[in-house]
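Structural overview
If you want the building blocks of each chain, they are given just below.
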Amino acid sequence: MSYQAPHLILATSPFLKRPVDTPMIMRHVLYALAPAVAAATWFFGLSALAVILACVLGCVLTEWFFKGRRPLAESTILDGSAAVTGVLLALTLPPGLPLWMSFLGGVVAVVFGKLVFGGLGHNIFNPSLVGRAFLQASFPVALTTWSAQRGAGGTFGLQASNLALPFLHAHVDAVTAATPLARMKFEATTTPLHNLLVGSTAGSLGETSAVMILLGGAYLAYRRFLNWRIPLGIFASAYLVATLLHAVNPSYPDGTFHLFSGGLALGAVFMATDPVTSPVTPRGAWLFAAGTGALVVIIRQFSGLPEGVMYSILLMNGFTPLIDRVTQPRTYGTKRRLGRGN
């Protein structure tokens, strides 16, 4: 009589999992970004699509080149992460940016934002914001030259500055305009809330219509591809800090203006919620969000820059490993460690 040992499978929770993989998540993120892309195209014409395409090509071709140029069926570009990085990067850029700069930003975003750390899932900082930070440091004038919206009549227009040759001055054929944050900071002029919500203002491609961005965020939250604590915490923290500052000095903008101006909505919904660069614990998510929202308002109000979303998220990305460590729940059956050696 033979004895057959029972099969013992050791695994960690969760034991019930949704059939979700990286390509599926990235595909739904692109779906959620579609309203913001449509709004950018409506307000800025073909220039918006050209900048987005240049960023996506920079990211995808760089990923393909440095991943060994495998056959397309085996390439990592099919997971969609490079395309998402490109679209998010483009939405942080002005519509009149030369296309070669947009392409270069995509290259830097993938190489220095993802690949140098080991690829997808190992990066410390949000790749799109790494690319944006590089462009901001290298080409500050181009990154802060905002074009006035063309409106529906200029949907098929392309700005001459998009076609500027590398390292040459671009011919400006569009009327420049200040963003709501710049007008508030340097001219003490407010922008009506309706304009901030709809998007009839100057700014980056993804800064114009807060409604479209929030619509995409609601879709991701409904599909459970977004940690709702992070955007909610960022909005609450930014609103609270701005309201307190406004109470101390009424010349400071109130919390509502901060919520719907600049890139706060885009950063809170699509950048800060990156599952790789944000905390995994619920308490950590709240801490991360509180720090990000507070830093946004502080940088906007007390630095020489009108915007601070990019720097706030990148700074808090650096604190994510520490936040995860201090907020890690106690393992069942063990005592909480009070200090080293205990």
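Here is a short report on the structure shown in this document. (Residues numbered from 1 in each chain as written. Predicted model: local features only at pLDDT ≥ 70, side-chain atom pairs only at ≥ 80, totals over all residues. Heavy atoms only, no water.)

**Some details on the overall build of the chain**
Counting its secondary structure elements, the chain contains 14 helices and 0 strands. Starting at the N terminus, the α and β elements of the chain follow one another as α-α-α-α-α-α-α-α-α-α-α-α-α-α. The buried share among the 342 residues of the chain stands at 49%. If you take every contact in the chain between residues at least 6 apart in sequence, the share linking residues at least 24 apart comes to 75%. When the accessible area of the chain is evaluated, it comes to approximately 17800 Å², of which 67% is carbon and sulfur surface. (Helix = DSSP H or I, 4+ residues; strand = E, 2+ residues; numbered from the N terminus. Buried < 20%, exposed > 50% of the residue type's maximum accessible area, 1.4 Å probe, protein only. Contact = heavy atoms within 4.5 Å. Areas by Shrake-Rupley, 256 points an atom, 1.4 Å probe, with all protein chains shown as cover.)

**Concerning a nonpolar patch on the surface**
Side chains of Leu53, Leu57, Leu61, Trp64, Phe65, Phe66 and Phe103 sit close together on the surface and give an oily, nonpolar patch of about 660 Å² of accessible area. Here the nonpolar patch gets 6 residues from one element, more than from any other, and that element is helix 2 (residues 46-66). One can find Phe65 in helix 2. Residue Phe65 is classed as partly exposed on the basis of its relative accessible area, which comes to 40%. (Patch = residues over 30% accessible without salt bridge, like charges linked within 9 Å, V, L, I, M, F, W, Y side chains within 5 Å. Salt bridge = Lys/Arg side-chain N within 4 Å of Asp/Glu carboxyl O.)

**Concerning empty space enclosed by the protein**
Over the atoms rolls a probe the size of a water molecule, and its path tells where empty space is left. Tallying each qualifying case throughout the model produces 1 cavity of 30 Å³ or more. Of the residues in the lining of the largest cavity, the class split is 3 nonpolar, 4 polar and 1 charged. (1 Å grid on protein atoms, 1.4 Å probe; cavity = no way out; pocket = protein on both sides within 12 Å on 5 of 7 lines; lining within 4 Å. Points joined across faces, edges and corners; volume = space filled by probe spheres on them. Nonpolar A, V, L, I, M, F, W, Y, C, P; charged D, E, K, R; others polar.)

**Digging into the layout of surface pockets**
One number sums up the size of the largest pocket: a volume of about 760 Å³. Lining the largest pocket are 31 residues, and of these Ile25, Phe225, Thr273, Asp274 and Pro275 lie nearest its centre. Among the elements of the structure, helix 1 (22-44), helix 3 (81-91), helix 5 (127-138), helix 9 (210-222) and helix 12 (264-271) are those that each provide at least two residues to the lining of the largest pocket. Across the lining of the largest pocket, the residue classes break down as 18 nonpolar, 9 polar and 4 charged.

**A word on the packing of helix 1 against helix 3**
Taken N-terminus to C-terminus, the directions of helix 1 and helix 3 make an angle of 25°; their axes are 10 Å apart at the nearest point. Put simply, helix 1 runs roughly parallel to helix 3. Crossing of helix 1 against helix 3: the hand is left-handed. Counted together, Met26, Val29, Leu30, Leu33, Ala36 and Val37 of helix 1 and Ser81, Ala83, Val84, Val87, Leu88 and Leu91 of helix 3 form the full contact between these two elements. Class assignment for the residues of the contact of helix 1 with helix 3 results in 11 nonpolar, 1 polar and no charged. (Axes fitted to C-alpha atoms, helices over the stretch in contact; angles between N-to-C directions. Parallel < 35°, antiparallel > 145°, perpendicular 65-115°, else oblique. Left-handed = near helix turned anticlockwise from the far one by under 90°.)

**Considerations on the packing of aromatic side chains**
Using the criterion set out here, one finds 5 aromatic pairs in the structure. Relative to Phe66, the ring of Phe65 has its centre 5.2 Å away and its plane inclined at 80°; by these criteria the two rings are edge-to-face. (Phe/Tyr/Trp six-rings, centres within 6.5 Å; stacked < 30°, edge-to-face > 60°.)

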